[in-house]
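Reading the structure
Chain by chain, the residues:
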Amino acid sequence: MKEITTKLLVIGAGPGGYVCAIRAGQLGIDTVIVDMAKPGGTCLTIGCIPSKALIHAADEFFMARGMAGSGNKLGISVASPAIDLGKTIDWKDGIVGRLTSGVTGLLQKARVKIVHGRARFRDGKTVEVTTETGDQLIRAENIVIATGSEPVALPHLPFGGNVISSTEALALRKAPERLAVVGGGYIGLELGTAFAKLGSQVTVVEATSRVLPQYDAELVRPVLRRLMELGARVLTDTSAKGLDDDGLGLLVEANGATETIRADKILVTVGRKPRMEGWGEEELDLDRAGKFLRIDERCRTSMRGIYAIGDVTGEPMLAHRAMAQGEMVAEIIAGQKRVWDKRAIPAVCFTDPEIVSVGLSPDEAKAQGIEIKTGLFPFAANGRAMTTASEDGFVRAVARADNHIVLGLQAVGQGVSELSSAFSLAIEMGARLEDIAGTIHAHPTRSEGLQEAALKALGHALHI
Ligand code: FAD
Ligand code: NAD
């Protein structure tokens, strides 16, 4: 068996693993990265990027449809728009291809050795990799586990046939006439909205009392309103019970009553779980935190020399958290004094309208016993929002009442994902309401809503 000895071995080339390997390579650390699939992981190949491509195509098609026939209020009309979803998927695959080869190029530039195959621990310092050309043994001083996550299946609705996960949904070459979505979280609502715009009749089945339970009700309200406008049905407090006999009906139950929802495809999006199998966890002695690997503030596991990053380590399962952990771990292995000291991890939901949240919501701050000031500025009073014919939503600021340090910033509205960097920066830099209010925000932009929300919290908003 071929053998390699290295200072650092990274298992998994998703956003966590590939960023860790690139940074380690930049720091002169002898690094090997192993992945059984294409570099880029879930995010680049079947997650963030493909879903955002589909969402964009659906938006464009929907906009064109809105202009069909008699035209829209902007005075634009187009004749019979149509979409060839197969072509859209080819375009999306092209983007994925460019990004995955881009990651390969970045790893090579950083002099990282890439091994294509399935990795499996033999012991805490040795990993066996099954490759197409035979097995390889890799001995490493430090090993980073970045094996990511996979979709949760429901026992009574296993994946297969018409029951699909996000991976298959992102490869459909024709929009299903009727789509049932089980789970009204991130994926269910992002993709459910996209398919509703592509012409599918969408029904969302959510087990809890409201969709997107990660966000507060005020933020989610405009998203629900839009889903209704798109003709989607949203059933809350409803559980999926299984398929009916012909496989084209989803049996659901709410308050003791059952219903069958006819559906050509059933998209199950009830969460993701850490990938804990297939890499030899049983050969090690790693502590767990619930279903995840337990890590400390330096991403160290309970075994010396073994680190873990990304989705395998816990919530929030987001690409930018995985990347930040990966960068930090590479620097720790290089001997730098680093510790996880981030004040906040931004969260964005790419629904229509988009939601962004950084730091604490008003309820979360109150639950911590903090006395707060809040300011909410509606996009209905923002000139730029009016010029884009999309005025629904708002920006909200949450700050400590005593010293005005900003604890949280949230927004819902068209394109607000792009406000996430300003929100994160403000919180990371420890900004006060006065800092945001005193910063000149370019006019006309939606970002003026941030300044106005801060002014509102201070009691002197200018444009409302
Ligand atoms: P992953 O990206 O899952 O990568 C793990 C890698 O490890 C994989 O390439 C896998 O092949 C490899 N691997 C596993 N086991 C082995 C083994 N034994 N040997 C070799 N290789 C192995 N997050 C966001 O921040 N924004 C979004 O907009 C967003 N949208 C999403 C949309 C969808 C549909 C999905 C499914 C997810 C989305 N996410 C989003 C979540 C995001 O994809 C994950 O948080 C991110 O990919 C986690 O990165 P990771 O490096 O931990 O793991
Ligand atoms: P999720 O946790 O966001 O939502 C799952 C939803 O399913 C929840 O609302 C939950 O109450 C519901 N649910 C659970 N069991 C159910 C059942 N039996 N019947 C009906 N509903 C049920 O999970 P997801 O949408 O699968 O996404 C997984 C993860 O991927 C997210 O948590 C997030 O970390 C990541 N992601 C992020 C983005 C983004 O950042 N924009 C986009 C997509 C995915």
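These figures come from a predicted structure and were not determined experimentally.

Where helix α3 (residues 48–67) meets helix α6 (residues 186–197), the axes come as close as 8 Å, and the angle between the chain directions of the two elements is 35°. The hand of the α3/α6 crossing is left-handed. For the pair formed by α3 and α6, the contact residues are Ser-51, Lys-52, Leu-54, Ile-55, Ala-58, Asp-59, Phe-61, Phe-62 and Arg-65 on the first element and Glu-190, Leu-191, Ala-194, Phe-195 and Lys-197 on the second. Each residue belonging to the contact of α3 with α6 can be placed in one class, and the counts come to 8 nonpolar, 1 polar and 5 charged.

All right, on to helix α1 (residues 15–26) then. The end-to-end C-alpha distance of α1, which contains 12 residues, comes to 16 Å, matching closely the 16 Å that a straight helix rising 1.5 Å per residue would cover. Extensive coverage of α1 is indicated by the burial of 11 of its 12 residues. Within the span of α1, buried status applies to Pro-15, Gly-16, Gly-17, Tyr-18, Val-19, Cys-20, Ala-21, Ile-22, Arg-23, Ala-24 and Gly-25. Where α1 is buried, its residues meet β1 (2–11), β2 (31–35), α2 (41–46), α4 (85–109), β6 (134–145) and α8 (319–333). Immediately downstream of α1, the backbone of Gly-28 shows phi near 85°, a positive value.

This part takes up the site of ligand 2. Looking at ligand 2, there are 23 residues lining it, with Glu-190, Glu-206, Gln-214, Met-317 and Val-348 nearest. Between an oxygen atom of ligand 2 and a main-chain N or O atom of Tyr-186, the distance comes to 3.0 Å. Taking Gln-214, its side chain carries an N or O atom lying 2.8 Å from an oxygen atom of ligand 2. For ligand 2, whose free accessible area comes to 840 Å², the fraction covered by protein is 81%.

Tallied over the entire structure, the rule returns 1 disulfide. What pairs with Cys-43 in a disulfide is Cys-48, and their sulfur atoms sit 2.3 Å apart. Since a negative S-S torsion denotes a left-handed disulfide, the Cys-43-Cys-48 link at about -130° is left-handed. By relative accessible area, Cys-43 is classed as buried at 9%. Among the residues examined, Cys-48 registers a relative accessible area of 28% and is labelled partly exposed.

Okay, the sheet that holds strand β13 (residues 249–254) next. Working definition: the strands of a sheet are paired by backbone hydrogen bonds and lie parallel or antiparallel to each other. On the basis of which strands lie adjacent, the open sheet formed by 3 strands has the order β12-β13-β14 and antiparallel pairing. Every interior strand has two partners, whereas the edge strands, β12 (239–243) and β14 (257–262), have only one. In this sheet, adjacent strand axes meet at a mean angle of 30° when their direction is disregarded. Both β13 and β14 contribute to a ladder of 6 bridges, which runs antiparallel. Bridging from a neighbouring strand, Leu-251 pairs with Thr-260 of β14.

Before going further, it helps to examine the domain arrangement of the protein. For the protein, the assigned domains are domain 1 (2–150 + 273–333), domain 2 (163–270) and domain 3 (347–458). Taken over C-alpha atoms, the centre of domain 1 sits 31 Å from the centre of domain 3.

Let us look at the nonpolar core. One finds Leu-54, Phe-195, Val-202, Tyr-215 and Ile-355 to be the most contacted residues of the largest nonpolar core, which totals 37 residues. Looking at this core, the elements that each hand over two or more residues are α3, α4, β9 (178–182), α6, β10 (201–205), α7 (217–229) and β20 (347–349). The biggest single contributor to this core is α6, with 5 residues.

Next up on the list: the pairing of strand β24 (residues 406–413). Among the 8 residues in β24, 8 count as buried, and that is most of the element. Taken together, the 6 bridges between strand β21 (residues 354–359) and β24 define a ladder with antiparallel strand orientation. Following the sheet pairing, Ile-355 is matched in β24 by Val-412. Here 6 bridges tie strand β23 (residues 394–400) to β24, and the two strands are oriented antiparallel to one another. Among the inter-strand pairings, Phe-394 is bridged to a residue of β24, identified as Val-412. Linkage of β23 to β24, two consecutive antiparallel strands, is achieved through a turn of 5 residues, within which His-404 is found at a positive phi near 65°.

Within this structure, the stated rule accounts for 2 aromatic pairs. Summarising the aromatic geometry, the rings of Phe-121 and Trp-279 are spaced 6.0 Å apart at their centres and angled 65° between planes, so their arrangement reads as edge-to-face. With Phe-121 in strand β4 (residues 118–123) and Trp-279 in the loop between β16 (272–274) and β17 (288–289), the pair connects residues that are 158 residues apart, well separated along the chain. Here Tyr-186 and Tyr-215 contribute two aromatic rings whose centre-to-centre distance is 5.9 Å and whose plane-to-plane angle is 65°, an arrangement assigned as edge-to-face.

Of note, Ile-114 is situated in strand β3 (residues 113–116). C-alpha of Ile-114 to C-alpha of Ala-13: the two residues are 101 residues apart in sequence and 9.2 Å apart in space. Those residues in contact with Ile-114 that lie beyond four places of it in its chain are Ile-33, Thr-104, Leu-107 and Gln-108.

Time to look at the environment of Lys-2. Considering the arrangement of structural elements, one finds Lys-2 in strand β1. Sequence separation between Lys-2 and Ile-306 is 304 residues, and the spatial gap between their C-alpha atoms is 23 Å. Excluding its chain neighbours within four sequence positions, the residues that come into contact with Lys-2 are Asp-135, Gln-136 and Leu-137.

Within the secondary structure, Glu-448 sits in helix α13 (residues 448–458). Here Glu-448 is buried and forms no salt bridge, its nearest opposite-charge partner Arg-384 lying at an N-O distance of 8.2 Å.

We now examine the packing of α1 against α8. The N-to-C vectors of α1 and α8 enclose an angle of 30°; their axes lie 7 Å apart at closest approach. One finds that α1 runs roughly parallel with respect to α8. The two elements α1 and α8 meet at a crossing, and its hand is right-handed. Where α1 approaches α8, its residues Pro-15, Gly-16, Tyr-18, Val-19, Cys-20, Arg-23 and Ala-24 are matched on the opposing element by Ala-319, Ala-322, Met-323, Gly-326, Glu-327, Val-329, Ala-330 and Glu-331.

How each quantity is defined
- Residues numbered from 1 in each chain as written.
- Chains lettered and ligands numbered in written order.
- Predicted model: local features only at pLDDT ≥ 70, side-chain atom pairs only at ≥ 80, totals over all residues.
- Heavy atoms only, no water.
- Axes fitted to C-alpha atoms, helices over the stretch in contact; angles between N-to-C directions.
- Helix = DSSP H or I, 4+ residues; strand = E, 2+ residues; numbered from the N terminus.
- Left-handed = near helix turned anticlockwise from the far one by under 90°.
- Contact = heavy atoms within 4.5 Å.
- Nonpolar A, V, L, I, M, F, W, Y, C, P; charged D, E, K, R; others polar.
- Expected span 1.5 Å × (residues − 1).
- Buried < 20%, exposed > 50% of the residue type's maximum accessible area, 1.4 Å probe, protein only.
- Near = heavy atom within 4 Å.
- Polar contact = N/O pair within 3.5 Å; in protein donor to acceptor, adjacent residues only side chain to side chain.
- Areas by Shrake-Rupley, 256 points an atom, 1.4 Å probe, with all protein chains shown as cover.
- Disulfide = S-S within 2.5 Å.
- Pairing = 2+ DSSP bridges.
- Domains from an automatic or database assignment.
- Core = buried A, V, L, I, M, F, W, Y, C linked by side-chain atoms within 4.5 Å.
- Phe/Tyr/Trp six-rings, centres within 6.5 Å; stacked < 30°, edge-to-face > 60°.
- Lys, Arg positive; Asp, Glu negative; His and termini not counted.
- Salt bridge = Lys/Arg side-chain N within 4 Å of Asp/Glu carboxyl O.
- Parallel < 35°, antiparallel > 145°, perpendicular 65-115°, else oblique.

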